[in-house]
Amino acid sequence: MVVGVIKNMITGSKSTDKSREDKYDEEIAAFVNQEYESRKSGRLPFELQWRLNIEFLNGNQFLDIDPTSVSIQEIPTMYWYQEREVFNQMATIYETRVAQLSRTIPMLKVRPASQDDGDISAARVSSSLLQSTWHEEDMDVIWDDLCAWTELTGTAFIKNVWNKDKGRTVMIMRVPKEQQENKASNGDTEHASQLLEGEYEDVELKEGDMDVCVVSPFEFFPDNNFASSLKACHSVIHAKAYAIKDIEEIWGVKVEPEKVDVMTLQQIQAGLGGIGYSVGGYRGKSMQLKNHAIVKEYYERPTKKYPNGRFIVVSNNKVLSLSELPYKVGDDGKRDFPFVLARSIKKPAQFWGGSVLERIIPIQRRYNALRNRKAEYLNLVAMGQWYEPEGSLDEDVELDNSPGNIIRYRPVNGGKPEPVSFPNLPASFENEIQTLLNEFTAISGVSELSRYSQAPSGVKSGVALSIANEQDNTRISNTASNLAQCIKLMGKQWLRLYRQFVKEPRVLRTVGRDRDVEVSDWTVSQLKSDDVIIENSSALAETPAQRRQMVFDMLTAGLFNKEETSPISNATREKILEMLEYGNWEGSMMEMQRLQEQKAKRENMRFKQGQPIMINDYDDDVLHIEMHNRLRMSAEYEDILNSPQGMEIDQMLREHIEMHRQRIMMRQMEQLQQQIAVQQSQTTTNGGKNQ
């Protein structure tokens, strides 16, 4: 039974009648169940294609979609001798594409809202927070699952929600036992008195944290299968099978078990599993999960009737939860769905993405048929056939090709039995096989170089191999770009969820470039920008060999040389590496410069507070002068000059810069004196030799 306060918040009405409240629950549950069944039937044509992809991938390739029964049926054999072997080319294509996509882990980074020092510092905090969340949520595994699902069905989803039971323990509270509270609230006066006896339990109050998972398309039900994106949907349903005990533990409601078909919605299984369909079992008998029920989460965007949207959780005609849409993950702090859509191949005016597997199914059918007809022909030649003149054999004699068989016959004028001679296998068989293999490559974008790690037939030069490899990367780059957009939107939702739910300062632990654990505090006010980018987006379609070659090319170009021995300055070097999207490599050579910049920025902060600062022997005078002058040219400094302490602060800053300049001049004088001394020494030595 839904709590009345929550209902009042959603409906704006107030009810004290218990039977009326139960009737309201039934109406809500009936509404969600009706939407679920309607969307399930509307999604069936797409679902059948996903099932067919899974069956073909697992070697069950003599199946097809029957439009009459709207199901997948086995294609019957025409003759008893018909070969039905499977020569699965789709499996290697699928595994190769998944490996290419998942080998490079995306690196999330936040761009600052402006060039202001505060915005730049805030962007670094946000970037570190994204990296920390990636590792804590074990996103490497989720990334692999996302690539696998998108390549298998063409579509997958990432769900980003806030779990109040995760994170560090803030405090421990002593509360009455939940069972006693339920009995007392239900009018059980016999046990309600136990509340006065002091029976309490300790409950840990967590600070809460992100909860991320991959949702397969089998669990997702949009309101429009032909919407161009998730933004075009008004409401969605996420349906998932739970054990009865888990439902009671999570939502505190007892639900009767229902028939849950393992072919539709189920919990994790072996093989592909996930919350989806069992591997290669579609033709088998349908099995039911025991003590399970389907939990349907209904998400509805804000409307005039429901300004904050709706979030309804229903299971087996019972309402488990009813509230407004809980997550402000949309633009400008709007409430939105906590899902991110990932598609392998985008289709115009269609919600569900396409998969390469469904495109090569016709070629796989043709390839199997051709190889099987070839095997049947070889069997026919090996076993042979016989011409038998009528009456030439005894009645008890049967012709076969077993070794050592003796054939007795009657010598008559009609002749004796003779084997049938067969022509050679036509060359068109081999030509057609090669044509189909080329079509596999053309449609899938995976060549022999990627699948078998060998050069294609007829390709011998290194230039040709490089072109073939580049073509493979070009074809898969479209899918890599779609996945990159999904990951960027996921990062935006992470930052927005942190801004919504984090109230107190938190500790951020990150691993530095030297594998040192860095600990720092952060607050929500520092999460100013959510302009998330992927720093290594182009690397999603590159091979490790290509990246290694790029390192050698940059070594040859002198990008890793010291500034003293290279015509390229550190600033130019950093810009070049950033344009090449190798920004994570300049850290070791630029670390000292970054430390100097950070120290100069801290000095600027102290100057703005009116604190005098002395120079240090390890300061980079040129860089410090540049950073201090940058402060003097900012609009913020103009406001400081107009303040009561403005002139005093300006005088302190001028004197500080002058101290840096004097030390530069002193060092230049020392270098000049050393050069003069060296020249005089050389002159004296040469003069002595001349004498």
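Residues numbered from 1 in each chain as written. Predicted model: local features only at pLDDT ≥ 70, side-chain atom pairs only at ≥ 80, totals over all residues. Heavy atoms only, no water.

Quick look at the overall build of the chain now. The number of helices and strands found in the chain is 19 helices and 20 strands. Long-range pairs, those at least 24 residues apart, make up 70% of the contacts in the chain with a sequence separation of at least 6. (Helix = DSSP H or I, 4+ residues; strand = E, 2+ residues; numbered from the N terminus. Contact = heavy atoms within 4.5 Å.)

Our next topic: the sheet that holds strand β14 (residues 318–323). The sheet built from five strands is open, its strands ordered β8-β9-β12-β13-β14 with antiparallel pairing. Sheet topology places β8 (220–222) and β14 at the edges, where each strand pairs with a single neighbour. Here the strands of the sheet are splayed against their neighbours by 15° on average, with no regard to which way each runs. Sheet analysis places strand β13 (residues 310–315) next to β14, joined by five bridges and oriented antiparallel. The residue bridging V314 from the neighbouring strand is V319, located in β14. (Pairing = 2+ DSSP bridges. Axes fitted to C-alpha atoms, helices over the stretch in contact; angles between N-to-C directions.)

Attention now goes to a negative patch on the surface. A cluster of like negative charges, contributed by D138, D140, D144 and D145, occupies part of the molecular surface. Along the chain, D145 turns up in helix α6 (residues 139–153). (Patch = residues over 30% accessible without salt bridge, like charges linked within 9 Å, V, L, I, M, F, W, Y side chains within 5 Å. Areas by Shrake-Rupley, 256 points an atom, 1.4 Å probe, with all protein chains shown as cover. Salt bridge = Lys/Arg side-chain N within 4 Å of Asp/Glu carboxyl O. Lys, Arg positive; Asp, Glu negative; His and termini not counted. Charge placed at Lys NZ, Arg CZ, Asp CG, Glu CD.)

Tallying each qualifying case throughout the model produces 20 aromatic pairs. Ring centres of F157 and F351 lie 6.1 Å apart, and the angle between their planes is 20°; on these two criteria the pair is classed as stacked. Placement of F157 in strand β4 (residues 155–163) and of F351 in the loop between β15 (339–343) and α10 (356–383) is noted, with a sequence separation of 194 residues between them. For F157, a relative accessible area of 0% corresponds to the buried category. For F351, a relative accessible area of 0% gives the class buried. Ring pairing ties together the aromatic residues W50, W149, F157, F218, F220, Y299, F311, F339, F351 and W352, which thus form one cluster. The ring of F87 carries the charged tip of R371 above its face, separated from the ring centre by 4.2 Å. (Phe/Tyr/Trp six-rings, centres within 6.5 Å; stacked < 30°, edge-to-face > 60°. Buried < 20%, exposed > 50% of the residue type's maximum accessible area, 1.4 Å probe, protein only. Lys NZ or Arg CZ within 6 Å of the ring centre and 35° of its normal.)

Here we take up α6. The first and last C-alpha atoms of α6 sit 21 Å apart over 15 residues, in line with the 21 Å expected at 1.5 Å per residue. For α6, the set of buried residues is M139, I142, W143, L146, C147, W149, T150, E151, L152 and T153. Downstream of α6 by one or two residues, G154 has phi in the positive range, about 95°. (Expected span 1.5 Å × (residues − 1).)

The next subject is unusual backbone geometry. The backbone of N291 sits at a positive phi, close to 55°, despite the residue not being glycine. Along the chain, N291 falls in the loop between β11 (288–289) and β12 (292–300). By relative accessible area, which is 52% here, N291 ends up exposed.

Contact geometry of helix α4 (residues 90–102) with α6 gives a least axis separation of 9 Å together with a crossing angle of 140°. One way to sum up the angle between α4 and α6 is to call them oblique. The element α4 and its partner α6 pack so that their crossing is right-handed. In this structure, α4 contributes Y94, R97, V98, L101 and S102 to the contact, and α6 contributes W143, D144, C147, A148, E151 and L152. (Parallel < 35°, antiparallel > 145°, perpendicular 65-115°, else oblique. Left-handed = near helix turned anticlockwise from the far one by under 90°.)

Turning to the pattern of salt bridges, a few remarks are in order. According to the stated counting rule, one finds 28 salt bridges in the structure shown. Residues R97 and E151 are paired through a salt bridge, measuring 2.5 Å at the closest nitrogen-oxygen approach. Separated by 54 residues along the polypeptide, R97 in helix α4 and E151 in helix α6 bring together distant segments of the chain. E207 is the salt-bridge partner of R506, the closest N and O atoms lying 3.7 Å from each other. Of this pair, R506 sits in strand β18 (residues 506–511) while E207 is found in the loop between β6 (200–206) and β7 (209–215), placing the two residues 299 residues apart along the sequence. Through salt bridges with shared partners, a single ionic network connects D331, R496, R499 and D530.

Looking now at the nonpolar core. Of all hydrophobic cores here, the largest spans 95 residues; its most connected members are L108, L146, F351, I487, M490 and W494. I237, A239, I312 and V319 belong to the second largest nonpolar core, which has 15 residues in total. (Core = buried A, V, L, I, M, F, W, Y, C linked by side-chain atoms within 4.5 Å.)

This part covers the side chain of Q493. Within the secondary structure, Q493 sits in helix α13 (residues 462–501). A relative accessible area of 3% places Q493 in the buried class. With sequence-adjacent residues up to four places away left out, Q493 is seen in contact with N160, V329, F337, P338, F339 and V340.

Moving on to the environment of A442. Tracing the backbone shows A442 in helix α11 (residues 427–444). The exposure class of A442 is exposed, given its relative accessible area of 53%. Distance from A442 to I360, taken between C-alpha atoms, is 9.9 Å for residues 82 residues apart in sequence.

Here we take up the confidence of the model for the chain. Regions with low pLDDT should not have their predicted coordinates read in detail. In the predicted model, the chain carries a mean pLDDT of 78, and 73% of its residues have values of at least 70. A low-confidence stretch, residues 1–16 (pLDDT under 50), is modelled with 30 contacts involving residues beyond four sequence positions or located in other chains. (pLDDT = per-residue confidence, 0-100.)

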